[in-house]
Every structure is written in C-alpha cells, then in structure tokens.
Amino acid sequence: MSLESNKVFAAVLSSALLIMVISMVAESVFHEEHAKPAFTVEVASTDAAEEVVEEGPSLAELLQTADASKGERQFAKCKSCHTVENGGRDGTGPNLYGVLGRDVAATDGFRYSGALSEHGGTWTYELMNEWLASPKNTVPGTSMAFAGIRKDEQRADLIAYLRTFSDNPPALPEVVAEEEAAEEAVDGDAEMAEEGAEEASN
C-alpha cells in the first residue's frame, strides 16, 4: 500500500514540475516588454488655441454711460476711511474732493505710505480705475487694505460719483470709434511688417 502511495506522489510531483518548466519556457519565449516613454508630450487642443477672447467695453465707453447714483452706493465701501465733501476731514484715508486730476499723494497734511508718495503722476481716470480694481497691484507696498472692485461697470460708476465732487473735473476720455481702432491696428501691423522686411534685407 505504501508503494502505491509513493508512485502516486511521484506522479503528482512530476506533473507539477513539468507544468512549471513549460510555464517558464513559454514566458521566456512570449514575454513582451511594455516600454514606457521617457516623457510625455502634451499637445494643446486646437479648440483652445482657436478660442477668441472677447473684450468688454473700454473705460471711456463705460464712463459715458456710468451712473453716479450707483457709484454712491459703491462709495459706501469707502466711507469708513474717506470723505468726499469739499473741506471734509481726512480719516484713515485722505479727503477725496477733487481727487480726479490731482497729483498722487498731494493732500497737504496727510501722511501717505512711502510707496504711494514715491509713485508720482496724476490721478487720471485710467489710474483711478486700476487703483480701484486692486490698490496693491497698482502700487505695490501701499498701506491701503482695500481689496478692490472686480466689476468694470461698478468701478466706472464709482469714478463717475467721485467726478461730481470737483470744482473743475477733467474731461472724460474720448471713445475711439471701432473704425478708427481697426485702422490703427492695420497701420500698426503694416509698420511691423515693413520693419521686419527691412531687418531681413539687412
């Protein structure tokens, strides 16, 4: 009986060894290496490349239709630091009567931050618009903590409101007609093409 058991065990062991050998041979013959690329090249989508960004109205256009009464509501965000009345007192920020057209950091007796004092220039409509959008981006280092007004229309309304507090407000910027803007763009492209041709010939 033990001899029969040994024969069976030997047969099973032989079969297992045979299967292992066959598997190893098959693996060495048919094994495929899946090579991974050293780096991946990303190709931009043609749809994204062809996407056209539409620009909104210019500041000059917005100021033509700006609503000073809506701007007064926007000024509620500024009241805790500024006054606008003629002869109004300075607060955390200077009085803003006649600010448009005035030199930057020019209120007598008010202590401005070093960054604003060194900025120079005049409070034009364009500079005021940039300042109201983000004081810290317009004049890095300013001590003004105001986060800014994101919407173009709301900034234009506020500028229109500030403009009413002046003895002689500066004229609104002129709106450039689309035809004129297109002609200027064409002229600019033509000049660049001529310059490029001259450089190539040299």
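Each value, and the rule that gives it
- Residues numbered from 1 in each chain as written.
- Predicted model: local features only at pLDDT ≥ 70, side-chain atom pairs only at ≥ 80, totals over all residues.
- Heavy atoms only, no water.
- Patch = residues over 30% accessible without salt bridge, like charges linked within 9 Å, V, L, I, M, F, W, Y side chains within 5 Å.
- Areas by Shrake-Rupley, 256 points an atom, 1.4 Å probe, with all protein chains shown as cover.
- Salt bridge = Lys/Arg side-chain N within 4 Å of Asp/Glu carboxyl O.
- Helix = DSSP H or I, 4+ residues; strand = E, 2+ residues; numbered from the N terminus.
- Polar contact = N/O pair within 3.5 Å; in protein donor to acceptor, adjacent residues only side chain to side chain.
- Contact = heavy atoms within 4.5 Å.
- Axes fitted to C-alpha atoms, helices over the stretch in contact; angles between N-to-C directions.
- Parallel < 35°, antiparallel > 145°, perpendicular 65-115°, else oblique.
- Nonpolar A, V, L, I, M, F, W, Y, C, P; charged D, E, K, R; others polar.
- Phe/Tyr/Trp six-rings, centres within 6.5 Å; stacked < 30°, edge-to-face > 60°.
- Buried < 20%, exposed > 50% of the residue type's maximum accessible area, 1.4 Å probe, protein only.

Engineer: For this particular structure, what's the right way to read a nonpolar patch on the surface?
Structural biologist: A cluster of nonpolar side chains, namely L13, L17 and M20, defines an oily patch on the protein surface of about 300 Å² accessible area. Tracing the backbone through its elements, the reader meets L13 in helix 1 (residues 2-30).

Engineer: Got a minute to help me understand the side chain of D157 in this structure?
Structural biologist: Locating D157 in the fold gives a position in helix 8 (residues 152-163). Within the structure, the side chain of D157 is placed 2.8 Å from the backbone nitrogen of D67, a separation counted as a polar contact. Sequence-distant contacts of D157, defined by excluding residues within four places in its chain, comprise A66, D67, A68, K70 and G71.

Engineer: Before we go on, may I ask you to explain the packing of helix 4 (residues 68-75) against helix 8 in this structure?
Structural biologist: Each packed pair of helices is defined by two parameters, the angle between the axes and the distance between the axes. Remark: helix 4 packs on helix 8, axes separated minimally by 7 Å, with the N-to-C direction vectors making an angle of 100°. Regarding the angle of helix 4 to helix 8, the classification is roughly perpendicular. Each of A68, K70, G71, E72, Q74 and F75 in helix 4 lies in contact with helix 8, whose residues at this interface are Q154, D157, L158, A160, Y161 and L162. In terms of residue class, the contact of helix 4 with helix 8 is built from 6 nonpolar, 3 polar and 3 charged.

Engineer: Teacher, can you tell me more about the packing of aromatic side chains here?
Structural biologist: Both the distance between ring centres and the angle between the ring planes are used here to describe each pair of aromatic rings. Considering all chains together, one arrives at 4 aromatic pairs under this definition. For the pair F75 and Y161, a centre-to-centre distance of 5.6 Å together with 45° between the ring planes defines the contact as tilted. Of this pair, F75 sits in helix 4 while Y161 sits in helix 8, and the two are 86 residues apart along the sequence. When sorted by exposure, F75 lands in the same class as Y161, which is buried.

Engineer: In this structure, what is going on with the pattern of salt bridges? I would like to understand it.
Structural biologist: Opposite charge on two side chains permits pairing when their charged atoms draw close. Counted according to the given criterion, the structure contains 1 salt bridge. When the shortest N-O distance is used, the salt bridge between R155 and D152 registers 2.6 Å. Of this pair, R155 and D152 both sit in helix 8, separated by 3 residues, roughly a single helical turn. The class of D152 is partly exposed, set by a relative accessible area of 35%.

Spatial relationships are all this shows, so hold off on functional conclusions.
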